[in-house]
Amino acid sequence: MNRMKVVLGVTGASGAAIAVRIAERLSDIEGVELHLVLSPAANRTLAHEVGAEALPSLLRKAARTYDHADIGAAIASGSFSTAGMIVAPCSMRTLAAIASGMADNLVVRAADVHLKERHRLILMARETPLHLGHLRNMCAVTEMGAIVMPPVPAFYHRPETIEAIVDHLAARAIDLLALPIAPLAKAWQGEG
Ligand SMILES: Cc1cc2nc3c(=O)[nH]c(=O)nc-3n(C[C@H](O)[C@H](O)[C@H](O)COP(=O)(O)O)c2cc1C
């Protein structure tokens, strides 16, 4: 069977748990194959924010993992057909590199390839507050075709746990890939 390939890039912004949840949910979807690449800073945030078990459990969810420095890997080529890429969380450093086309590592190169091939690219850009350079980079990547989805919680579902917030964000990001599956995120049904 031809499985749908999804690339998950994880960088060193806060919110590493979102990457773990995205990987878990993607690996639960039949017919989806997860291709994973982490920046060195992501290794640090994963360990700091989620714990020592986070990295091995994330790696177990992937069909393939790639070295961040391997700019000759399969996902670095436009001929590698995917259903899209999510960068979660996306640091301001990686956002700036994508905005300027500085594709000197595999996360940025794979994102760059998604843009040039006009494939879905979702960037969960995370920083607060934002300076003008951050905002301009978000505009630049949006003009190039990326979707900027900052990991901003939705409070209208009245989440009771951090896990519920993380799960909703992960589901919304996956839904933006427009895979041929029912939406994962709970839809707003209107008030009352
Ligand atoms: C615990 C921790 C939290 C961080 N949070 C953020 C953040 O929310 N946003 C951001 O842009 N950078 C954040 N950083 C800084 C990035 O990790 C740093 O800029 C790094 O060079 C990003 O590299 P990368 O884009 O290759 O992952 C954080 C670093 C640490 C150690």
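Look above for the structure.
Before going into details, it helps to say that this report is about the structure given with it.

Cut-offs applied
Residues numbered from 1 in each chain as written. Predicted model: local features only at pLDDT ≥ 70, side-chain atom pairs only at ≥ 80, totals over all residues. Heavy atoms only, no water. Phe/Tyr/Trp six-rings, centres within 6.5 Å; stacked < 30°, edge-to-face > 60°. Lys NZ or Arg CZ within 6 Å of the ring centre and 35° of its normal. Near = heavy atom within 4 Å. Polar contact = N/O pair within 3.5 Å; in protein donor to acceptor, adjacent residues only side chain to side chain. Areas by Shrake-Rupley, 256 points an atom, 1.4 Å probe, with all protein chains shown as cover. Helix = DSSP H or I, 4+ residues; strand = E, 2+ residues; numbered from the N terminus. Nonpolar A, V, L, I, M, F, W, Y, C, P; charged D, E, K, R; others polar. Buried < 20%, exposed > 50% of the residue type's maximum accessible area, 1.4 Å probe, protein only. Pairing = 2+ DSSP bridges.

Next up on the list: the packing of aromatic side chains. Counted according to the given criterion, the structure contains zero aromatic pairs. Note that Lys-5 overlies the ring of Phe-80, its terminal NZ or CZ placed 5.6 Å from the centroid.

The environment of the ligand is made up of 13 residues, and the closest members are Gly-12, Ser-39, Ser-91, Thr-94 and Arg-126. Contacts to the ligand include Ser-39, whose side-chain N or O atom sits 2.6 Å from an oxygen atom. Here an oxygen atom of the ligand sits 3.2 Å away from a polar atom, N or O, in the side chain of Arg-93. Relative to its free-state accessible area of 640 Å², the ligand is covered by the protein chains to the extent of 70%. Of all the elements in the fold, those that place two or more residues in the shell around the ligand are helix H2 (40-50) and helix H4 (92-100). In terms of residues, the shell around the ligand owes the most to one element, H4, which gives three residues. Taken together, the residues of the shell around the ligand break down into three nonpolar, seven polar and three charged.

In the segment running from Ala-88 into Pro-89, the intervening peptide bond is cis, with an omega of -15°. Summarising the element assignment, Pro-89 is placed in strand E4 (residues 84-90). Cis geometry marks the peptide bond from Thr-128 to Pro-129; its omega dihedral reads -10°. The backbone of Arg-158 shows a phi angle near 50°, a positive value even though the residue is not glycine. Within the fold, Arg-158 resides in the loop between strand E6 (147-148) and helix H7 (162-175). Of note in the backbone geometry, Ala-178 takes a positive phi value of approximately 60° without being a glycine.

The buried fraction of E4 amounts to seven of the seven residues, a majority that puts the element mostly inside the structure. Alternating positions in E4 separate into two faces, Gly-84, Ile-86, Ala-88 and Cys-90 on one and Met-85, Val-87 and Pro-89 on the other, with burial throughout. Sheet analysis places strand E1 (residues 4-10) next to E4, joined by four bridges and oriented parallel. Across the sheet, residue Val-7 finds its bridge partner in E4, namely Met-85. Sheet topology note: the E4/strand E5 (residues 121-125) ladder contains four bridges and is parallel. Residue pairing for E5: Cys-90 is matched across the bridge by Ala-125.

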